[in-house]
Each structure stands twice: as C-alpha cells, then as structure tokens.
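Listed here are the chains, written in short residue letters.
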Amino acid sequence: MEKTRKHLAFWVSLCWLAGQIYIAFVPVQGMVIKPLHVGFALLLVFLLKPFIKEKPLLSAFVDAVCFLITFAFMAHIVLNSVRIVERIPFVDDLFYFDKFFAFALVILLMEAGRRYLGWSMTIIAVIFMLYSFFGRSLPGILSHQGVDLISFVENQVMTTGGIFSSPIAASADTIFYFMIFGAFLAATPAGKLFVSIAKYATRNSIGGPGKASILASGLFGMISGSAAANVASVGVITYPMMKKGGFKPVFSAALLATAGTGGQLIPPVMGASAFIMADMIGISYFKIILCATLPALLYVGSLLWEVHLEASKQEIKPEEIDAKEHLAVIKGYLHLMLPIVALVVLIAMGRSLMYSALASTVVLILLCQIKKDTRLSLKEIIDMGGDGTKASVIVALPCALAGIVIGEVVFTGLGLRFSAVIASFSANSLLLALLLSTVMIIIMGMGMPTSAAYIMSAVLLAPAMQNLGVEAIVAHMFIFYFANMSMITPPVAIASYTAAGIAETGLWETGIEAVRLAIILFLIPFIFVYNPALLGLGSIPAIAWVFFTCVMGIMGLGIGVIGYWKGDMGWPMRTLFIVAALLLIVPETISDIAGLAILFALIFVQLKRSRAAVQSGS
C-alpha cells in the first residue's frame, strides 16, 4: 500500500511540475491556476500523509475519498473555467456543484492542514471561520453583521479574496519555481560546495567550525525556504565539527538554530516569505533584496562575533583542516555558483521571478553536465524535479490556509477593528504598538512555517503599524523578522528543537540559549522602524552612520552577552557594555555619541586590565 502511495505521489508531482512549466510559457487565468495549485498540493498530502497511520485500511478508504473529491474539484475548475473566470462574485448565481466543491475544499484544507502542519494553524483558521459566523454575538468593537454559509464559501473559493488571495498567488507564480531551484541546488554538489567554501574561508580563524556553520547555513538557508530544513541539512555536517572543535553542545545547538533561521533573512532568495511580501505590498522583489542587505550583514556579523568571543573564552584554537582538499572541492564545483549569480542578475534586470528561477534552474542543470562527476541523468533530473515539487506543499498549504484567515479578516472588517484595538491598547504609542505586535507575531508563529506566520501577522498587524506612521515596507520587514524569530523562541521553537535533536540537548535550554545568541535579531527590527536608513531608505550619509553605530553596538552587545573580551568579565562590566550597545542602537545622535564614549572607555579599561593580567602572569 505504501509503495503504491509513493508511486502515485511521484506521478502527481510530475503532473504538477509539468503544469507549472506550462503556465510559465502559456497565459492562463489566475482563477484557474490557483485552484489547481491548491488541488495538486492536497493530492500529495492525501497520498503522503495517511489519515491514521496505525490503521491502514481505514486510512486507505478516507484518503481515497479525499483524493477523488480533490480530483473532481480540479476537473470542475477546468471544465467550467470560462464561467468561473467571467462570473461576477456575489451577483451571478452559484451552481449546485460550485457550492458543493467550495464547501468540500474548505473541509479538505482543514484536514490537510491537520495532517501536514499540525493543529496550530488549522485551529487558527477555524477560529476565524467561527468569528465570521458568530461575530454578531460578540460585544463592542469585535461585533459585525455576521456571514452566512453561502457568502462564506463564495468569498473563500469563488473569488480572489479568500483561499485564492495573494499568498497562493505568490506560491503559484513565484515560490514554486524557487522551491524547484532550491531542490536542484541541494541535490547537486552545490550543497557540498557551500560547506567547503565556509570551511575554507574560516580555516585559520578562532572558532572556525562555528563560523563555518554560520556561513554554510547562510548559503544553504537562503534557498532552502525552511529554518528547520536548514538546521537539519547543515547541522548534521557542522555539529560534529563544532563538537570536535571544543564548543559546548548547548552553544553549538543554539548556534545551529539561530544561523539556520537567519538564512531566510539573507538575500538574494530569503526563503518564501519575501516573495509573498513583494506581492502583498506591490513593490519589486529587488527592492526587498536591497532593503534586507544591511540588516542581514548585521545579523551574520553579530553571530560571527559571538562565536569568536565564545571560542576565545573557551580557549578554542583554530581548527586544523585539509585546506587543499576543500580548495579542490571549491575549484571543482565553483561553476555551480553561477546559477545563483544568474538569478541575481536576472532579478536586477527586471525579469519576472518565475522566469529568473526557471532560467537559473536550467543554467544549473546545463552546468552540471560539463563535468563527469556532476553530470545528471534524465532520471536524476526528473527525481529532483519531483522532490522539489513535493517540497512545495509545505508552502502552498499554509498559504491556502492563511487565505481563509485573510478572507475573513477583510470580509468581516476585522482588519480595521484590529488596528483600532492596537491603537487603543498602545495609546497611540509606536513603541508600545511594536512591543505588542512582537508578542503577537511570536505567539501566532508558534509551530508554523515562517511564510504562514508572516502572512497572518501581516494581515492583522501591518495596517495598525502603518496607521501609526510606519512605511509599508518597514512594517512588513518588521513582521517578517519576528515571524522568523518564532522559529527559535520557546515554548514552540521548531528550529531550536531540531538543533536540540541533533546535539541531544534539552529543548528549553537550547531555545533560551538561541534567543540569547540572537538578541541582536530582536533589536534590528526596532532599529529600522525608528531609523529606516538601516533598510537603505534615505541619504548615503544617514545610511552609513546608522550602519556604523549598529556595528559598534553589536560589538558591545556581543561582549556583554558572552561576557568576554581580552579576559573574563563580571556582570557589572557586562551590563555596562550592554548599556553602551543599547545607546548606540537607539537612533538618536546624542545617544550614539554617549554610547561611543562609554564603549571606548570600557574598551580602554578592559585593555588595561588585560595588560596588567599578562604582566602579573609573566
């Protein structure tokens, strides 16, 4: 039975891939593409995730029914495509089968979400559905006129305002093709190339294995689209190196989690959420890349600095590695970096994201054929395409479920009410609104893929932030950062738990240590809200100054967090370094000057102590 499921899933994935390639060259209406995109994702879920694994016969029956209803829905869309595209929502009558399949699709999505994503997102979608039906009974600002069942299913399935709203549009038009590109990169020696580049670049550095883990996670994570997948893929290679190098298990696991999560913040690909952001805001993806560059450099730089300090504190010497071996790997596979270069160039030239990803994938396949040891057979190419297609379910499914939330937030007017609630609780204070939003984003993101956490948080919170004077791209970048942070923040921290499993460390202690190492990530979004120059928005002098003060702040913060620089420090000294760092990070000229003065004074004192300790020791 299981073999039959996998065989059928393979052919379904190839059909999905073929359909996506077809629409890349032949114009097809969105109200046909998006339902079929969701349909293919559901077919794979019902094949790959049995109803109840311990009861194969019952699962086979239930899954077969779900599979057939989904297939019938897809056939209904194709056969009635002209009418569905041309009908006027809430004016033209719904046919009987329209109502049946619309209602069935919502139920099937709930069940698929339960199987593939767990209960958290499914429960949230159900809560918003219940709010639609029973909101009239709620008191005060949350009350609305109520939604009947027919209006609900029409809004969700027969318009572009619900399930088939912007998240699924981004998934079908963009993210799918980047998942394919990522699958080919991961399956070819390009993945091995990333690790060798990271090891070679850090070969003579203090704490080299830890720094190599950060760089490898950044290179792999920007195309993997999943923090947990990044941690798992890179962690199994780099954790033994860190353990052998002398890093403590909890520190190593936390570093894997924070570096793996940060991979999605690094241009040019940035996982899946950035594509959705571009679609939701209506700006070019290249602008998002530019805005994300400086914060990404700060984040990666902060982790490298913390690893350097921790290695110095633990007296970990530079690792002896076979540089010639890694250099040989780099020389042998360096040509496989060209597809990423091609991707960036095509995006910068203004080509569509769909075209850029497809063209880059073709370039990668062609480059692999140059050398015998990287050459791909037709079967391997097909298998990689199928694997990438199956991996796309993890994005398509939460995007569809998030569409249910979006549909009801807009249809009931909850978005406007939510903005009023935020404004009321924060008393129109931007700082209080940001702190409240931070807590809500992390809570909503618990146990969810980053893309799903971002979508739901953006729908609910971005309008409230914009009402307080925050630019749209700044508000969405703030939400994007904290949607990623939910992956490492306890009590539900998927990336931290994945790293803990690899290192065999405690879940809570790993999560808490990850938050400590990623403290700068908690601060960066607040910095660019108050000073958008960090996102490259403003004059060159303003951008340069805020970047400089943030770099200095990161230096001080790292010293305070690790508790070491030219010698161990007690808490009074560590606290002063943290205070200096926070003054530098606060976007005010007076605080910057005060922070620099305190930081340089502390550095002078610590250098003097270090020299005195050396002289007394000698």
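Attention in this report is confined to the structure presented alongside it. (Residues numbered from 1 in each chain as written. Predicted model: local features only at pLDDT ≥ 70, side-chain atom pairs only at ≥ 80, totals over all residues. Heavy atoms only, no water.)

**Overview of the overall build of the protein chain**
In terms of regular secondary structure, the protein chain is built from 29 helices and zero strands. What you see for the protein chain is a C-alpha radius of gyration of 25 Å, in line with the 25 Å of a compact globule of 618 residues. With the C-alpha coordinates aligned to their principal axes, the bounding extent of the protein chain is approximately 90 × 65 × 50 Å. For the protein chain, the proportion of its 618 residues judged to be buried stands at 56%. In the protein chain, 76% of the contacts between residues at least 6 apart in sequence involve partners at least 24 apart. In the structure as shown, the protein chain presents an accessible area of about 25,300 Å², 69% of it carried by carbon and sulfur atoms. Across the protein chain, 38 positive and 31 negative side-chain charges occur, with their mean positions spaced 7 Å apart. (Helix = DSSP H or I, 4+ residues; strand = E, 2+ residues; numbered from the N terminus. Rg over C-alpha atoms; globule rule 2.2 N^0.38 Å. Buried < 20%, exposed > 50% of the residue type's maximum accessible area, 1.4 Å probe, protein only. Contact = heavy atoms within 4.5 Å. Areas by Shrake-Rupley, 256 points an atom, 1.4 Å probe, with all protein chains shown as cover. Lys, Arg positive; Asp, Glu negative; His and termini not counted. Charge placed at Lys NZ, Arg CZ, Asp CG, Glu CD.)

**Looking at the nonpolar core**
Of all hydrophobic cores here, the largest spans 211 residues; its most connected members are Ile 163, Phe 478 and Phe 528. In terms of residue count, helix H14 (residues 285–313) provides more of this core than any other element does, 15 residues in total. Beyond its immediate sequence surroundings of up to four residues, Phe 528 is in contact with Pro 295, Val 474, Met 477, Phe 478, Tyr 481, Leu 534 and Leu 535. (Core = buried A, V, L, I, M, F, W, Y, C linked by side-chain atoms within 4.5 Å.)

**Observations concerning a nonpolar patch on the surface**
On the surface, Ile 21, Tyr 22, Phe 25, Val 26 and Val 28 cluster together to form a nonpolar patch covering roughly 460 Å² of accessible area. Within the fold, Ile 21 resides in helix H1 (residues 2–25). (Patch = residues over 30% accessible without salt bridge, like charges linked within 9 Å, V, L, I, M, F, W, Y side chains within 5 Å. Salt bridge = Lys/Arg side-chain N within 4 Å of Asp/Glu carboxyl O.)

**Points about the pattern of salt bridges**
Scanning all chains against the criterion turns up eight salt bridges. In this structure, Glu 154 engages Arg 87 in a salt bridge whose closest nitrogen and oxygen atoms are separated by 2.9 Å. Note that Glu 154 is positioned in helix H7 (residues 149–157) and Arg 87 in the loop between helix H4 (81–86) and helix H5 (96–117), a separation of 67 residues in sequence. For Arg 87, a relative accessible area of 7% translates into the label buried. Between Lys 379 and Asp 383 there is a salt bridge, with the nearest N and O atoms lying 2.9 Å from each other. Taken together, the positions of Lys 379 and Asp 383, both in helix H18 (residues 378–391) and four residues apart, correspond to about one turn of that helix. Residue Lys 379 is classed as exposed on the basis of its relative accessible area of 57%. Overall, the relative accessible area of 26% leaves Asp 383 in the partly exposed class. One network of salt bridges, with partners in common, ties together Arg 5, Asp 63, Glu 111, Arg 114 and Arg 115.

**Remarks on the state of the cysteines**
This model, assessed by the stated rule, comprises zero disulfides. The structure places no disulfide on Cys 291, whose sulfur is separated from the nearest cysteine sulfur, that of Cys 550, by 15 Å. (Disulfide = S-S within 2.5 Å.)

**Here's the deal with the packing of helix H8 (residues 166–187) against helix H19 (residues 393–411)**
Taken N-terminus to C-terminus, the directions of H8 and H19 make an angle of 170 degrees; their axes are 9 Å apart at the nearest point. Taken as axis vectors, H8 and H19 run roughly antiparallel relative to one another. The crossing of H8 and H19 is right-handed. Residues Pro 167, Ile 168, Ser 171, Ile 175 and Met 179 of H8 lie in contact with H19, whose contacting residues are Ile 394, Val 395, Ala 396, Cys 399, Ala 400 and Ile 406. (Axes fitted to C-alpha atoms, helices over the stretch in contact; angles between N-to-C directions. Parallel < 35°, antiparallel > 145°, perpendicular 65-115°, else oblique. Left-handed = near helix turned anticlockwise from the far one by under 90°.)

**Points about helix H2 (residues 30–48)**
The end-to-end C-alpha separation of H2 is 27 Å, in line with the 27 Å expected for 19 residues at 1.5 Å each. When you tally the buried positions in H2, you get 17 out of 19 residues, the bulk of the element. (Expected span 1.5 Å × (residues − 1).)

**Things to note about the packing of aromatic side chains**
Scanning the model with the defined rule gives 19 aromatic pairs in all. Relative to Phe 101, the ring of Phe 100 lies with its centre 5.2 Å away and its plane at 70 degrees, an arrangement referred to as edge-to-face. Of the residues examined, Phe 100 reaches a relative accessible area of 37% and is grouped as partly exposed. Exposure remark for Phe 101: the relative accessible area of 9% places this residue in the buried category. Look at Tyr 481 and Phe 528: their rings are 5.7 Å apart centre to centre, the planes differ by 75 degrees, and that puts the pair in the edge-to-face class. Linking Tyr 481 in helix H23 (residues 472–485) with Phe 528 in helix H26 (residues 519–530), this pair joins segments that are 47 residues apart in sequence. Accessibility expressed as a relative area gives 1% for Tyr 481, which makes it buried. A relative accessible area of 0% places Phe 528 in the buried class. One cation-aromatic arrangement involves Arg 83 over Phe 95; the distance from NZ or CZ to the ring centre is 4.0 Å. If you follow Arg 203 out to its NZ or CZ, it ends over the ring of Tyr 200, 3.9 Å from the centre. (Phe/Tyr/Trp six-rings, centres within 6.5 Å; stacked < 30°, edge-to-face > 60°. Lys NZ or Arg CZ within 6 Å of the ring centre and 35° of its normal.)

**Things to note about the environment of Leu 185**
Relative to the assigned elements, Leu 185 resides in helix H8. Of the residues examined, Leu 185 reaches a relative accessible area of 1% and is grouped as buried. Residues Leu 185 and Leu 364, spaced 179 residues apart in sequence, show a C-alpha to C-alpha distance of 7.8 Å.

**Structural notes on helix H24 (residues 494–503)**
Those residues of H24 not exposed but buried are Ala 495, Ser 496, Ala 499, Ala 500 and Ala 503. Down the axis of H24, the buried set is contained in an arc of 135 degrees. They therefore lie on one face. Just past H24, the residue Glu 504 takes up positive phi, approximately 55 degrees. (Arc of directions from axis to C-beta.)

**Notes on the side chain of Thr 159**
Looking at where Thr 159 falls in the secondary structure, it is placed in the loop between H7 and H8. Here Thr 159 falls in the buried class, since its relative accessible area comes to 9%. Engagement of the side chain of Thr 159 in a polar contact is seen with the backbone nitrogen of Gly 161, the distance being 3.1 Å. Discounting chain neighbours no more than four positions away, the residues touching Thr 159 are Met 31, Pro 89, Phe 90, Glu 154 and Phe 164. (Polar contact = N/O pair within 3.5 Å; in protein donor to acceptor, adjacent residues only side chain to side chain.)

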